[in-house]
Amino acid sequence: MAEHLLESVVSWAILLFEYVGVAVIAVAGVQGVWHYARRDPLTRLTLAKGLALGLEFKLGSEILRTVIVREFKEVGLVGAIILLRAALTVLIHWEIKNEEQVAVKLPAE
């Protein structure tokens, strides 16, 4: 009974995190297009921050997924997805750091 309840709660949490992650990435993409059209010099920074936040939610869903995996093969697959998303997150945070340094150097308009 408790195992079924845990599996159900985790499954719903995974779906929630996945949907929120997709929504955040989609909103960040739309904002990125908007900022790009306005020739905003902070477009890359804004987009990178939105993508990083969306990836954090999606990474959270993968971590939760490890709770309900049944076979070792599934653990390997989920682990690979976690590593890939973590690497993407690190790269995006590196990009954010670089863009913030560039933004500080921009002249005030």
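Definitions and cut-offs
Residues numbered from 1 in each chain as written. Predicted model: local features only at pLDDT ≥ 70, side-chain atom pairs only at ≥ 80, totals over all residues. Heavy atoms only, no water. Phe/Tyr/Trp six-rings, centres within 6.5 Å; stacked < 30°, edge-to-face > 60°. Helix = DSSP H or I, 4+ residues; strand = E, 2+ residues; numbered from the N terminus. Buried < 20%, exposed > 50% of the residue type's maximum accessible area, 1.4 Å probe, protein only. Axes fitted to C-alpha atoms, helices over the stretch in contact; angles between N-to-C directions. Parallel < 35°, antiparallel > 145°, perpendicular 65-115°, else oblique. Left-handed = near helix turned anticlockwise from the far one by under 90°. Nonpolar A, V, L, I, M, F, W, Y, C, P; charged D, E, K, R; others polar.

Trainee: Looking at this structure, I do not really get the packing of aromatic side chains. What am I missing?
Mentor: Any two aromatic rings considered together are summarised by their centre-to-centre distance and by the angle between their planes. Here the structure, examined in full by the defined rule, presents one aromatic pair. Measuring from centroid to centroid gives 5.9 Å for F17 and F57, while their planes differ by 70°, and the two rings are edge-to-face. Remark: F57 occurs in helix 2 (residues 43–68) and F17 occurs in helix 1 (residues 2–37); sequence separation between them is 40 residues. For F17, a relative accessible area of 29% gives the class partly exposed. Given a relative accessible area of 27%, F57 falls into the partly exposed group.

Trainee: Just checking my understanding: could you explain the packing of helix 2 against helix 3 (residues 72–105) for this structure?
Mentor: Think of two packed helices as two axes; the pair is described by the angle between the axes and how far apart they sit. It is the contact of helix 2 with helix 3, at a shortest axis distance of 9 Å, that shows an interaxial angle of 160°. Between helix 2 and helix 3, the interaxial angle falls into the category roughly antiparallel. The handedness of the crossing between helix 2 and helix 3 comes out as left-handed. Class assignment of the residues belonging to the contact of helix 2 with helix 3 gives a composition of 14 nonpolar, four polar and ten charged.

Trainee: Sorry if this is basic, but what is going on with the environment of E3 here?
Mentor: Examined against the element boundaries, E3 turns out to sit in helix 1. In this structure, the C-alpha to C-alpha distance between E3 and L83, residues 80 residues apart in sequence, is 27 Å.

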